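A closer look at the structure
Given next are the chains, with one letter for each unit.
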Amino acid sequence: MAAVTSTLVRSVFAAVLGMFYFGYNTGVVNAPAASIQQFTNLSYHSHYGTYLNKAQQDTIFTIITSAFIVGGMVGAMGGGFVADKIGRKRGLIVSQVQFGKIAEIILTVSV
């Protein structure tokens, strides 16, 4: 049996830290669940004149939470590719400008 190397220990530590970070971010989203559900209910009421029932609120909150997690996963997988192609600093700048424009369009259309 091979000895435990420092590289193996660091790799296991990084993997465990990654899972801790994932769990922490999930908890951060779940902590304000009542506020997010209240906001979506009031927003729905302002657009359609009726309130959501509890099941509908839970469904929307689940979609929001899932989008947060899936978006983080996709961003993490694509971030390395972008950093390799154009560098980390330029990659951050490009992504912020690009997603800023997308957010601007979405907010303009949704009003």
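Quick look at the structure, then. (Residues numbered from 1 in each chain as written. Predicted model: local features only at pLDDT ≥ 70, side-chain atom pairs only at ≥ 80, totals over all residues. Heavy atoms only, no water.)

A few words on the overall build of the protein. Summing up its helical and strand segments, the protein has four helices and zero strands in all. Order of helices (α) and strands (β) in the protein, N terminus to C terminus: α-α-α-α. Each of the 111 residues in the protein was classed as buried or not, and the buried ones make up 11%. The contacts in the protein between residues at least 6 apart in sequence include a share of 45% that link residues at least 24 apart. Carbon and sulfur atoms provide 71% of the accessible area of the protein, an area that totals close to 9000 Å². (Helix = DSSP H or I, 4+ residues; strand = E, 2+ residues; numbered from the N terminus. Buried < 20%, exposed > 50% of the residue type's maximum accessible area, 1.4 Å probe, protein only. Contact = heavy atoms within 4.5 Å. Areas by Shrake-Rupley, 256 points an atom, 1.4 Å probe, with all protein chains shown as cover.)

A few words on the packing of helix H2 (residues 33–48) against helix H3 (residues 54–86). Where H2 contacts H3, the two axes come as close as 10 Å, and the packing angle between them is 110 degrees. Between H2 and H3, the angle falls in the class roughly perpendicular. Helix-helix and strand crossings are classified by hand; for H2 and H3 the assignment is right-handed. Counting all contacts with H2, which are made through Ala33, Ile36, Gln37, Thr40 and Asn41, the residues of H3 involved are Lys54, Gln57, Asp58, Ile60, Phe61 and Ile64. Partitioned by chemical class, the residues of the contact of H2 with H3 number five nonpolar, four polar and two charged. (Axes fitted to C-alpha atoms, helices over the stretch in contact; angles between N-to-C directions. Parallel < 35°, antiparallel > 145°, perpendicular 65-115°, else oblique. Left-handed = near helix turned anticlockwise from the far one by under 90°. Nonpolar A, V, L, I, M, F, W, Y, C, P; charged D, E, K, R; others polar.)

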